[in-house]
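Analysis of the macromolecular model
Listed here are the chains, written in short residue letters.
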Amino acid sequence: MLRRPEYLRALLFCGLIGVPVALVAFWFLVAVQQLEQLIWQDWPEELGWERAPWWWGLPLLAVAGLVVGVVVARLPGRGGHIPAGGLHSGGVTKEALPGVVVAALAGLPLGVVLGPEAPLIALGGGLALLLASLVRAPQTEASTTLLGVAGAAAAISALFGNPLVGAVMLMEVAGVGGPQLFAVMLPALLASGVGDLIFTGFVHWTGLRTGSLDIGLPKPPPLDWGDVLWVLLIAPALALLVHWIFVGGRFVAGFVTTRTVRNTTLCALGAAVCVSLYAVTTGRSPAEAALSGEATLGRLAQDPHAWSVGALVAVLAFKSLAYALCLGSLRGGPVFPALFLGGAAGVLLAPLPGLGLVPAMAAGMAASVTAALRLPVSSVILVVLLLGNVDTVALVVLAAVVSFVLTQLLPQGPGIPSFSERPAGRAPRPASPRP
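Each chain carries its own residue numbering, running from 1 in the written order of its sequence. Two thresholds apply to this predicted model, a pLDDT of at least 70 for residue-level local features and 80 or more for giving and counting side-chain atom pairs, whereas whole-chain, interface and lining totals are computed over all residues. Derived side-chain values reflect all non-hydrogen atoms in the structure, with water molecules and hydrogen atoms excluded from consideration.

Thoughts on the overall build of the protein chain
The helix and strand labels rest on DSSP assignments: H or I over at least four residues marks a helix, E over at least two residues marks a strand, and numbering proceeds from the N terminus. In terms of helices and strands, the protein chain carries 15 helices and zero strands. In this scheme, a residue with accessible area under 20% of its type's maximum is buried, one over 50% is exposed, and one in between is partly exposed, where area comes from a 1.4 Å probe on protein chains only. With 435 residues in all, the protein chain has 49% of them scored as buried. Any two residues whose heavy atoms approach within 4.5 Å at even a single point are treated as in contact. Intrachain contacts of the protein chain at a sequence separation of at least 6 include 80% that bridge at least 24 residues. Only the protein chains shown count as cover for residues, and the accessible areas themselves come from Shrake-Rupley with a 1.4 Å probe. Total accessible area on the protein chain stands at roughly 20,300 Å², and carbon and sulfur atoms take up 69% of it.

Examining helix H13 (residues 357-373)
To estimate how far a helix should extend, the number of its residues minus one is multiplied by 1.5 Å. Relative to the 24 Å expected for 17 residues at 1.5 Å per residue, H13 spans 24 Å between its end C-alpha atoms, a close match to the ideal helical length. Burial analysis of H13 places 15 of its 17 residues in the buried class, which makes it a mostly covered element. Positive backbone phi, at 60°, marks Arg 374, one or two positions downstream of H13.

Some points on the environment of Gly 226
Along the chain, Gly 226 turns up in helix H8 (residues 225-255). Overall, Gly 226 belongs to the partly exposed group, its relative accessible area being 24%. Counting along the chain gives 128 residues from Gly 226 to Gly 354, while the straight-line C-alpha distance between them is 5.1 Å.

Points about helix H11 (residues 309-329)
For an α-helix the count is 3.6 residues per turn, leaving residues at separations of three or four pointing the same way. For H11, built from 21 residues, the straight-helix expectation of 30 Å at 1.5 Å per residue is met to within 8% by its first-to-last C-alpha distance of 31 Å. Most of H11 is tucked away, with 15 of its 21 residues classed as buried.

Quick look at the packing of helix H9 (residues 260-282) against H11
An axis is simply a line fitted to the C-alpha atoms; with a helix, the fit covers only the stretch in contact. Between two such axes, the angle follows the N-to-C directions and lies from 0 to 180 degrees. Direction vectors running N to C along H9 and H11 enclose 175°, while the axes themselves pass 9 Å from each other. One finds that H9 runs roughly antiparallel with respect to H11. Residue-level inspection shows Thr 264, Cys 267, Gly 270, Ala 271, Cys 274, Leu 277, Tyr 278, Thr 281 and Thr 282 of H9 in contact with H11, the latter providing Ala 311, Ala 314, Val 315, Phe 318, Leu 321, Ala 322, Leu 325, Cys 326 and Ser 329. Residues belonging to the contact of H9 with H11 are distributed by class as follows: 13 nonpolar, five polar and no charged. To sort the angles, those under 35 degrees are grouped as roughly parallel, those over 145 as roughly antiparallel, those from 65 to 115 as roughly perpendicular, and the leftovers as oblique. Under the grouping applied here, Gly and all other residues not named as nonpolar or charged are polar, the nonpolar ones being Ala, Val, Leu, Ile, Met, Phe, Trp, Tyr, Cys and Pro and the charged ones Asp, Glu, Lys and Arg.

Observations concerning unusual backbone geometry
Phi angles above zero are rare outside glycine, and Arg 259 is one such case at about 50°. One can find Arg 259 in the loop between H8 and H9. Under the relative-accessibility criterion, Arg 259 is labelled exposed at 56%.

What to know about the pattern of salt bridges
In what follows, salt bridge is the name for a side-chain nitrogen of Lys or Arg lying within 4 Å of a carboxyl oxygen of Asp or Glu. Within the structure shown, the criterion is met by one salt bridge. In this structure, the salt-bridge partner of Glu 288 is Arg 284, at a minimum N-O distance of 2.9 Å.

Observations concerning the packing of H13 against helix H15 (residues 393-409)
Look at H13 against H15: their axes get within 8 Å of each other, and the N-to-C directions meet at 30°. Classified by the angle between their axes, H13 and H15 sit roughly parallel to one another. When the axes of H13 and H15 are compared, the crossing they make is right-handed. Contacts between H13 and H15 involve Pro 359, Ala 362, Ala 363, Ala 366, Ala 367, Thr 370 and Ala 371 from the former and Leu 395, Val 396, Ala 399, Ala 400, Ser 403, Phe 404 and Thr 407 from the latter. Grouping the amino acids of the contact of H13 with H15 by side-chain chemistry returns 11 nonpolar, three polar and no charged. The crossing is said to be left-handed when, going from far helix to near helix, the turn is anticlockwise and less than a right angle, and right-handed when the turn is clockwise.

Details of the nonpolar core
We call a set of buried Ala, Val, Leu, Ile, Met, Phe, Trp, Tyr and Cys residues a nonpolar core when their side-chain atoms join them within 4.5 Å. Ranked by size, the top nonpolar core spans 109 residues in total, and within it Trp 40, Phe 160, Tyr 323 and Leu 339 carry the most contacts. Contacts of Trp 40, omitting those with residues within four sequence positions, involve Ala 52, Trp 56, Gly 57, Leu 60, Pro 109, Leu 110, Gly 111, Pro 286, Ala 287, Ala 290 and Leu 291. In this structure, Ile 17, Ala 128, Leu 129 and Ala 132 belong to the second largest nonpolar core, which totals seven residues.

Focus on the packing of aromatic side chains
The criterion for an aromatic pair is that two Phe, Tyr or Trp rings (for Trp, the six-membered ring) have centres within 6.5 Å, with stacked assigned to planes under 30 degrees apart, edge-to-face to planes over 60 apart and tilted to the rest. According to the stated counting rule, one finds six aromatic pairs in the structure shown. With a centroid separation of 5.0 Å and 80° between ring planes, the pair formed by Phe 26 and Trp 27 is classed as edge-to-face. With relative accessibility at 45%, the residue Phe 26 sits in the partly exposed group. Trp 27 gets classed as exposed once you look at its relative accessible area, which sits at 56%. Between Phe 246 and Tyr 323, the aromatic rings sit 5.9 Å apart at their centres with planes inclined by 85°, giving edge-to-face as the arrangement. In this pair, Phe 246 is assigned in helix H8 and Tyr 323 in helix H11, connecting sequence segments 77 residues apart.

Looking at the environment of Ala 62
Tracing the chain through its elements places Ala 62 in helix H2 (residues 57-74). Here the alpha-carbon distance between Ala 62 and Gly 270, two residues 208 residues apart in the chain, equals 9.2 Å. In this structure, Ala 62 is in contact with Thr 265 and Leu 269, ignoring residues within four places of it in sequence.

Some points on the side chain of Glu 288
Among the structural elements, Glu 288 can be located in the loop between H9 and helix H10 (294-302). Judged by relative accessible area, Glu 288 falls into the buried class, the value being 11%.

Observations concerning the confidence of the model for the protein chain
Averaged over all residues, the pLDDT of the protein chain equals 82, while 77% of them reach at least 70. Every residue is assigned a pLDDT by the predictor, reflecting its confidence on a scale from 0 to 100. Across residues 208-218, where pLDDT falls below 50, the model places four contacts with residues more than four positions away in sequence or in other chains. Scored below 50 in pLDDT, residues 419-435 makes 20 contacts in the model with residues more than four places away or belonging to other chains.

Thoughts on the side chain of Lys 319
Mapped onto the secondary structure, Lys 319 falls in helix H11. Of the side chains with opposite charge, Glu 288 comes closest to the buried, unpaired Lys 319, at an N-O distance of 9.0 Å. Looking at Lys 319, its side chain comes within polar contact range of the main-chain oxygen of Ala 289, at 3.3 Å. In contact with Lys 319, other than residues within four places in its own chain, are Val 113, Glu 288, Ala 289, Ala 290, Leu 291, Ser 292, Gly 293, Ala 314, Phe 340 and Leu 341. Only four residue types enter the tally: Lys and Arg on the positive side, Asp and Glu on the negative side; His and the chain ends are excluded. Pairs of N or O atoms are called polar contacts if they sit within 3.5 Å, as long as, within protein, a hydrogen donor faces a hydrogen acceptor (for residues adjacent in sequence, only side-chain-to-side-chain pairs).

Shown next, in the form of structure tokens:
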């Protein structure tokens, strides 16, 4: 295949489209981040508040729900995929780009409990197809799929700051290799993680050393069997939590297929009520329960003692409810809210005897994001890169595999409306009477 001229041309074109796609993805992410900063921090401070008041999210999310509802009901592509169905790379078209951009920029900065990764996938794939049509490149089914995946990978890599995450995630999302990919990859992933645990345990127990890639950097305390046993309890619990959040999101998706604008606005207001209740019960900023949680996760990891047990329980409860409502009604990605929930649960459980902050957060984030994405390898790579700690890889692998297997065995709830269906909110035309 590598010797075929058409494949080499496609490879060259994919490399070239990475440049404009990455630039667009960069400015898209900058716009989302700057708008979030302006709306949730700068404006409240300019109006004389130390932080956003408890009711701040109510008008913002009402506007977000109204705009996204109109986009879903009226524009081609419905503003992107329904996030309760996970990440997808298929069905991306250049005609859907305006709706994707409007729904993302009208929702994410206003407090929608979703991340930018799904709009980025649609944006990257749609831009790649648009550029291909502009240069009049031959478009077959295979080339369209290849260009869409390549453009999406370039865009998602800009978000995670690592090309490995983008390539592996899009390989799993696109289903390259079909069901056999997971059938082969999952046992290999589990065996590698268990093997690493046993090997690390013997090195610690015997004091003997073998050749390794260790270059002598400082390390955290070594893992022990207490960490492993706690992971076997934490991972299923978080997998169940995130799984049922997604099942709830699928029920919400069915609710908004009728009277889309009204019901989407109602769901957004429901998420705003959850955000407001969190602020009222804790006295903290409503932004912690709103938005994707990406920035809040960093602050949580750097200063976990700033959060009381009550605040952690409250943010897990109210953000989970808001997350479920947003998954089925609004537009965005499921990655960062799941990571935040796993991280917050890890901080809450870290004081358990025999556990610790880093292992608890590693297991929590791996289990939650795997349950959300159903992409075990991508989830492991993402969590390891976020933690920057290779010594917890075995725990991350174990939590991801347990979470993936459990969520696959559980009832999946109702299906997600597909793009092939008519736009939500529009009544079907009555059939003309036959003569």
